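# Structural features, examined
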Amino acid sequence: MALKKLVAGNWKMNGRLADLPEIQAIAAAAISHGDVDVALGLPATLIAPACAAAPGFAIGGQDCHWAASGAHTGCLSVDMLKEAGASFVIVGHSERRTDNHETSLDVRQKAEAAMAGGLLAIICVGETEAQRDAGDAVSVVTEQVRASLPVTAAGGAVAIAYEPVWAIGTGRTPSAADVAEMHAAIRAELKSLLGQEGENIRILYGGSVKASNAAELLHIADVDGALVGGASLKAADFIPIISAAKR
Ligand code: PEP
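Below or above, wherever it landed, is the structure these notes cover. (Residues numbered from 1 in each chain as written. Predicted model: local features only at pLDDT ≥ 70, side-chain atom pairs only at ≥ 80, totals over all residues. Heavy atoms only, no water.)

### Overview of the sheet that holds strand β4 (residues 88-91)
The line we're drawing: Strands qualify as paired when DSSP identifies two bridges or more between them. Put simply, DSSP H or I for four residues or longer makes a helix, DSSP E for two residues or longer makes a strand, and each gets a number counted from the N terminus. Throughout, an axis means a line fitted to C-alpha atoms (over the contacting stretch in the case of helices), and angles, computed between N-to-C directions, take values from 0 to 180 degrees.
Read once around its circumference, the closed barrel built from eight strands follows the order β1-β2-β3-β4-β5-β6-β7-β8, with strand pairing classed as parallel. The sheet shows a mean angle of 25° between the axes of neighbouring strands, direction not considered. Pairing geometry for strand β2 (residues 37-41) and strand β3 (residues 58-61), over three bridges, is parallel. Considered in β3, the bridge of G41 is made with G60.

### Some remarks on the side chain of D106
Definition in use: For every residue, the accessible area (1.4 Å probe, protein chains only) is compared with the maximum for its type, and the residue is labelled buried under 20%, exposed over 50%, or partly exposed between those bounds. Counted charges follow a simple rule, with Lys and Arg positive, Asp and Glu negative, and His plus the chain ends left uncounted. When a carboxyl oxygen of Asp or Glu is within 4 Å of a side-chain nitrogen of Lys or Arg, the pair counts as a salt bridge. Counting of polar contacts relies on pairs of N or O atoms within 3.5 Å, with two restrictions inside protein: one atom must be capable of donating a hydrogen and the other of accepting it, and residues adjacent in sequence are counted only when both atoms are side-chain atoms. Pairs of residues are marked as contacts when any of their non-hydrogen atoms sit within 4.5 Å.
Tracing the backbone through its elements, the reader meets D106 in helix α5 (residues 104-117). Despite being buried, D106 has no salt bridge partner; K110 is the closest side chain of opposite charge, sitting 6.7 Å away. From its side chain, D106 meets the backbone nitrogen of T103 in a polar contact 2.9 Å long. Setting aside residues up to four positions removed in sequence, D106 forms contacts with W66 and H101.

### Things to note about the site of the ligand
Our working definition: By convention in this text, a residue qualifies as near a molecule or strand provided that one of its non-hydrogen atoms is within 4 Å of it. Only the protein chains shown count as covering a residue, and every accessible area follows the Shrake-Rupley method with a 1.4 Å probe. In the scheme used here, Gly and all other residues not listed as nonpolar or charged are polar, with Ala, Val, Leu, Ile, Met, Phe, Trp, Tyr, Cys and Pro taken as nonpolar and Asp, Glu, Lys and Arg as charged.
For the ligand, the set of nearby residues contains 14 residues, the closest of which are K12, H93, E163, G169 and S208. At 2.7 Å, a backbone N or O of G169 approaches an oxygen atom of the ligand. Bound to the protein, the ligand loses 95% of the 290 Å² it would expose on its own. Its residues assigned to classes, the shell around the ligand shows four nonpolar, eight polar and two charged.

### As for α5
Defined as follows: Expected span of a helix, by definition, is 1.5 Å for each gap between consecutive residues, and there is one gap fewer than residues.
With 14 residues, α5 should reach 20 Å at 1.5 Å per residue; the first-to-last C-alpha distance of 20 Å fits that figure. Along α5, the residues classified as buried are S104, D106, V107, K110, A111, A113, A114, M115 and G117. Residues of α5 that are buried make contact with α3 (78-84), β4, α4 (94-99), β5 (120-125), α7 (137-148) and β6 (158-162). One or two steps after α5, the chain reaches G118, where phi turns positive at roughly 85°.

### Concerning the packing of helix α9 (residues 211-218) against helix α10 (residues 235-244)
Two quantities define a packed helix pair, namely the angle between the axes and the distance from one axis to the other. Let me state the cut-off plainly: Angles below 35 degrees are treated as roughly parallel, those above 145 as roughly antiparallel, those between 65 and 115 as roughly perpendicular, and all remaining angles as oblique. Two helices cross in a left-handed way if the nearer one is turned anticlockwise from the farther one by less than a right angle. They cross in a right-handed way if the turn is clockwise.
The N-to-C vectors of α9 and α10 enclose an angle of 20°; their axes lie 8 Å apart at closest approach. Considered as vectors, α9 and α10 are oriented roughly parallel to each other. For the crossing formed where α9 meets α10, the hand is right-handed. Packed against α9, whose contacting residues are A211, A214, A215 and L218, the element α10 presents P240, I241 and A244 at the interface. Tallied by class, residues from the contact of α9 with α10 come to seven nonpolar, no polar and no charged.

Dropping the structure here:
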């Protein structure tokens with residue numbers, strides 16, 4: 001059975017209180033698109049104000065620490081995110097893997113902490129352009145899935161976001177055939193790791209999704225939603241992507 005699609009925005013280091021009306025407009029669209037799950041990953045400073053401004057709408061963080069508390073300057077625990085109102089957290093985004101040298105083991109520990117605390121973990125994986133050019137994209141990404149996924153992962157607790165690093169913020173996307181090949185490979189990996197439960201985990205595509213390409217990308221086999229960066233910042237850009245996810 002097809003999984004309900006999830007269209008999640010990743011605001012990265014963007015968003016101030018002045019942007020709450022955009023969040024409210026996106027939350028209103030989420031209500032009118034009830035057959036699609038919609039969510040926004042916000043900077044931590046906006047989580048509580050956004051939850052107050054758009055009650056019931058799925059707001060999440062963009063990273064968490066795996067520890068519950070302690071000497072980790074600048075980090076946030078799962079319980080801190082939950083207290084602010086988050087219902088999910090993005091882990092292992094390629095910008096964090098690159099800028100903060102996060103390994104797949106780090107990502108797995110973060111995802112485990114999120115699962116234990118009841119936050120949906122959106123686990124990001126993706127190859128660099130050099131890895132794709134070398135013909136290694138599928139092996140790199142399936143290895144990231146193996147190493148980043150908690151052994152107890154289940155459909156309601158985690159989603160995978162396949163985000164080719166070279167497609168993020170560049171306006172470039174893989175061909176539909178390449179997306180289909182990668183999502184099929186990730187699905188096969190999930191099933192080999194988790195058995196039948198691997199069918200229940202949503203696999204999102206991310207990387208330069210916009211209104212003009214969303215319908216094609218979102219209706220490729222095993223694409224169960226999208227993780228959207230730049231085009232999620234404005235309701236006028238994001239809402240057509242949500243609409244494109246409808247069957
Ligand atoms: C992202 O960073 O998660 C992303 C998909 O960005 P963009 O849509 O801007 O490529």
